[in-house]
Amino acid sequence: MDKIKVIIPSWSYWKNPLKLQPLWELHYATWLRKNLSNFKIIVEDLRDKEKNFIPSGANIYFFWLMKAADSQEVYSICNGIKKNEPDSYIIIGGTHADHMPQETLYNCDVVLQGTSEDTLVELINDYKNKKKKFGIIERKKVCLFNDLPFSDRDFIEKEKVVNNLHFEKYGNVIGTGAYFSRGCSFNCRFCVYNNPPTFEYNSFEKITNEIEYLKKNYGVEGINLRDEVCIPVNKKVAIPYLEAIGKQNIIWRGQTVPLGSEELLKTASQTGLKELALGIESVDSDMVLEISNKPSKSISNNIKYINLCRKYGIKVKVCLIFGLPGESKDVLKKTINFLDSVKPDYVAVSGFDPVPGSPFYQEPKKYGIKYINGDLSQHAHLLFRFDEDENTGLPFEYEPITPFGKSLTREEIIFNIKVVQKYLRERNMSY
């Protein structure tokens, strides 16, 4: 039987790459298994393999390349596969491939554009019928997330599906990750994860079935929702979505934007929601939020939402990005004052990354960016969050004077990040 291997890169930019689950790789592996009975579908996980490991033994290799930081490794793997198995067929899709299709195509046979489930199956059937296609292929049909099966987790070992790290602040809870939606309707200028450019939320039935599957097969007690916005802003969509979670007697956490009604936040708190990660991004000025096109628009609105979370017993993890365009020389002082005053439960600090495909990457001069590093392995953001040696990121430099005033140097941004990370570690506010 012919074999298809879905490859998970090493995720080397994570201190503990096995903490999170490879949900999109599992999604596509599940889809292939349900639609291609004449192929054996295998997920090959490189996160615990030796460095420079090259997969082998398949007819087709598929990569879902989301992050720019994975691209150099994926390209190297593809070239290694082709060297060892010249007749192999390599397909790459995903966010990075969407934004850098020509570069990606140089390292594979086919680049799939967009969410392309049906197109992927058609492509492989053509291969089976000796009608192999090459090049950049646009999706032929829009496949809504709710119409697709939820991901089977049995492609990888149980210890890679569940752990007690997702809810380490809430006891020894067996947790895992999941997506109950995909896409995003917002257009933050530093982000590229709005493909599709709308929210595709799962139904009450599909969410119920997935949670029951995870509880029955893996003993799951908590779910870390990886959705871009885990509480739908639209009440008509949000209520059945939240009710499906609430009926399962689990706890959950997720990320969202500080928008939406108090009623929805109250409802979410009653369904087992323990913690929200809020994309605040900056407390320097409303101008920075405006430049970044953040939907919440103002620091005062963000503080109001944090207080609403507290009102309903929801812990808050504030997500901050240092080095955004328009950031002032006083950003460190303003951030420490904000943290001292607002006292969020947890904080996640990132370094700004003008990631390929984002508006900041596409129009750097407009935002005062002088230089962006072409080495995509440097496009990561987790600077010093988990380790003092974690220094991959900030792959850019500003002009001394930008359209928004005098800029910070890369060294100044690094200093600010280090100071805040130290502040957070001393107060047990980061994880």
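Use the structure listed above.
The present account deals with the structure reproduced in this document. (Residues numbered from 1 in each chain as written. Predicted model: local features only at pLDDT ≥ 70, side-chain atom pairs only at ≥ 80, totals over all residues. Heavy atoms only, no water.)

Regarding the overall build of the protein chain
Phase 1 of the analysis: Check the secondary structure of the protein chain and you find 13 helices and 18 strands.
Phase 2 of the analysis: Since a compact globule built from 431 residues should have a radius of gyration of about 22 Å, the 22 Å found for the protein chain is in line with a globular shape.
Phase 3 of the analysis: Based on the C-alpha atoms only, the size of the protein chain along its principal axes is roughly 65 × 50 × 35 Å.
Phase 4 of the analysis: Taking the intrachain contacts of the protein chain between residues at least 6 apart in sequence as the baseline, contacts between residues at least 24 apart amount to 73%.
Phase 5 of the analysis: Accessible surface, the protein chain: about 18100 Å² in total, of which carbon and sulfur atoms supply 49%.
Phase 6 of the analysis: Between the averaged position of the 58 positive side-chain charges in the protein chain and that of its 55 negative side-chain charges there is a distance of 3 Å. (Helix = DSSP H or I, 4+ residues; strand = E, 2+ residues; numbered from the N terminus. Rg over C-alpha atoms; globule rule 2.2 N^0.38 Å. Contact = heavy atoms within 4.5 Å. Areas by Shrake-Rupley, 256 points an atom, 1.4 Å probe, with all protein chains shown as cover. Lys, Arg positive; Asp, Glu negative; His and termini not counted. Charge placed at Lys NZ, Arg CZ, Asp CG, Glu CD.)

Some words on the sheet that holds strand E7 (residues 175-178)
One key point about sheets: their strands pair by backbone hydrogen bonds, in either a parallel or an antiparallel sense.
Phase 1 of the analysis: With parallel pairing, six strands are arranged side by side in an open sheet as E7-E10-E11-E12-E13-E14. The open sheet is flanked by E7 and strand E14 (346-351), the only strands paired with a single partner. Neighbour to neighbour, the strand axes of the sheet diverge by 20° on average, direction disregarded.
Phase 2 of the analysis: In this sheet, strand E13 (residues 315-322) lies alongside strand E12 (residues 273-281) in parallel orientation, the contact comprising five bridges. Paired with Glu281 across the strands is Leu320, a residue of E13. (Pairing = 2+ DSSP bridges. Axes fitted to C-alpha atoms, helices over the stretch in contact; angles between N-to-C directions.)

Some thoughts on the packing of helix H6 (residues 204-218) against helix H7 (residues 235-246)
Phase 1 of the analysis: One can describe the packing of H6 onto H7 by two numbers: an axis separation of 9 Å at closest approach and a directional angle of 20°. With respect to each other, H6 and H7 are oriented roughly parallel. Crossing handedness for the pair H6 and H7: right-handed. On H7, the residues that touch Phe204, Ile207, Thr208 and Ile211 of H6 are Pro240, Tyr241, Glu243, Ala244 and Ile245. (Parallel < 35°, antiparallel > 145°, perpendicular 65-115°, else oblique. Left-handed = near helix turned anticlockwise from the far one by under 90°.)

Focus on the pairing of strand E3 (residues 60-64)
Consecutive residues of a regular strand have side chains that alternate between opposite faces of the sheet.
Phase 1 of the analysis: Burial of E3 is extensive: five of the five residues sit out of reach of the surface.
Phase 2 of the analysis: On E3, burial covers both faces: Ile60, Phe62 and Trp64 on one face and Tyr61 and Phe63 on the other are all buried.
Phase 3 of the analysis: Pairing analysis gives four bridges linking strand E1 (residues 2-8) to E3, with the strands arranged parallel. From the neighbouring strand, Ile4 faces E3, where its bridge partner is Ile60. (Buried < 20%, exposed > 50% of the residue type's maximum accessible area, 1.4 Å probe, protein only.)

Concerning the pairing of strand E6 (residues 135-138)
Phase 1 of the analysis: Sheet topology places strand E5 (residues 110-113) next to E6; four bridges connect them, and they run parallel. Counterpart to Val111 in the pairing with E6 is Ile136.
Phase 2 of the analysis: Each parallel crossover has a hand, and the one from E5 via helix H5 (residues 117-128) to E6 is left-handed. (Right-handed = clockwise from strand over helix to strand, strands pointing away.)

What to know about helix H10 (residues 299-311)
An α-helical turn contains 3.6 residues, so a residue and the one three or four places further along point in the same direction.
Phase 1 of the analysis: Its 13 residues place the ends of H10 19 Å apart at the C-alpha level, agreeing with the 18 Å of an ideal helix rising 1.5 Å per residue.
Phase 2 of the analysis: Residues of H10 that are buried make contact with strand E11 (251-256), helix H8 (262-269), E12, helix H9 (286-291), E13 and helix H11 (331-342).
Phase 3 of the analysis: Phi turns positive one or two residues past the end of H10, at Gly313, with a value near 75°. (Expected span 1.5 Å × (residues − 1).)

Some remarks on the pattern of salt bridges
Phase 1 of the analysis: Tallied over the entire structure, the rule returns 28 salt bridges.
Phase 2 of the analysis: The shortest N-O distance in the salt bridge between Lys133 and Asp126 comes to 3.0 Å.
Phase 3 of the analysis: Judged by its relative accessible area of 31%, Lys133 falls in the partly exposed class.
Phase 4 of the analysis: Residue classification places Asp126 among the buried residues on the basis of a relative accessible area of 14%.
Phase 5 of the analysis: Through salt bridges that share partners, Asp45, Arg47, Asp48, Glu157 and Lys160 make up one connected network. (Salt bridge = Lys/Arg side-chain N within 4 Å of Asp/Glu carboxyl O.)

Some words on empty space enclosed by the protein
Phase 1 of the analysis: Under the defined criterion, the tally for this structure stands at five cavities of 30 Å³ or more.
Phase 2 of the analysis: Roughly 220 Å³ of volume is contained in the largest cavity.
Phase 3 of the analysis: Lining the largest cavity are 17 residues, with Trp24, Met66, Thr95, Gly183 and Asn195 positioned closest to its centre.
Phase 4 of the analysis: Listed by contribution, the elements that provide at least two residues to the lining of the largest cavity are helix H1 (23-35), helix H3 (95-99) and strand E8 (181-182).
Phase 5 of the analysis: Split into classes, the residues belonging to the lining of the largest cavity amount to six nonpolar, seven polar and four charged.
Phase 6 of the analysis: As for the second largest cavity, its lining consists of 13 residues, of which His27, Phe145, Ser151, Tyr179 and Glu210 are closest to the centre.
Phase 7 of the analysis: Sort the elements by how many residues they give to the lining of the second largest cavity and H1 lands first, with three residues.
Phase 8 of the analysis: Considered class by class, the residues forming the lining of the second largest cavity number seven nonpolar, three polar and three charged. (1 Å grid on protein atoms, 1.4 Å probe; cavity = no way out; pocket = protein on both sides within 12 Å on 5 of 7 lines; lining within 4 Å. Points joined across faces, edges and corners; volume = space filled by probe spheres on them. Nonpolar A, V, L, I, M, F, W, Y, C, P; charged D, E, K, R; others polar.)

Here's the deal with unusual backbone geometry
Phase 1 of the analysis: Even without being glycine, Asn52 reaches a positive phi, approximately 70°.
Phase 2 of the analysis: Here Asn52 lies in the loop between strand E2 (39-45) and E3.

Observations regarding the sheet that holds E2
Phase 1 of the analysis: Strand order across the open sheet formed by six strands is E2-E1-E3-E4-E5-E6, with parallel pairing between neighbours. Whereas interior strands pair on both sides, the edge strands pair on one side only; in this sheet they are E2 and E6. On average, each strand axis in the sheet is tilted by 25° relative to the strand beside it, whichever way the strands run.
Phase 2 of the analysis: Pairing analysis gives five bridges linking E3 to strand E4 (residues 89-93), with the strands arranged parallel. Looking across to E4, one finds that Tyr61 is bridged to Ile90.
Phase 3 of the analysis: Against the sheet, helix H2 (residues 71-84) contacts E3 and E4, and its axis sits at roughly 165° relative to E4.
Phase 4 of the analysis: Of the strands in this sheet, E1, E2, E3, E4, E5 and E6 are in contact with H5, which crosses E4 at around 170°.

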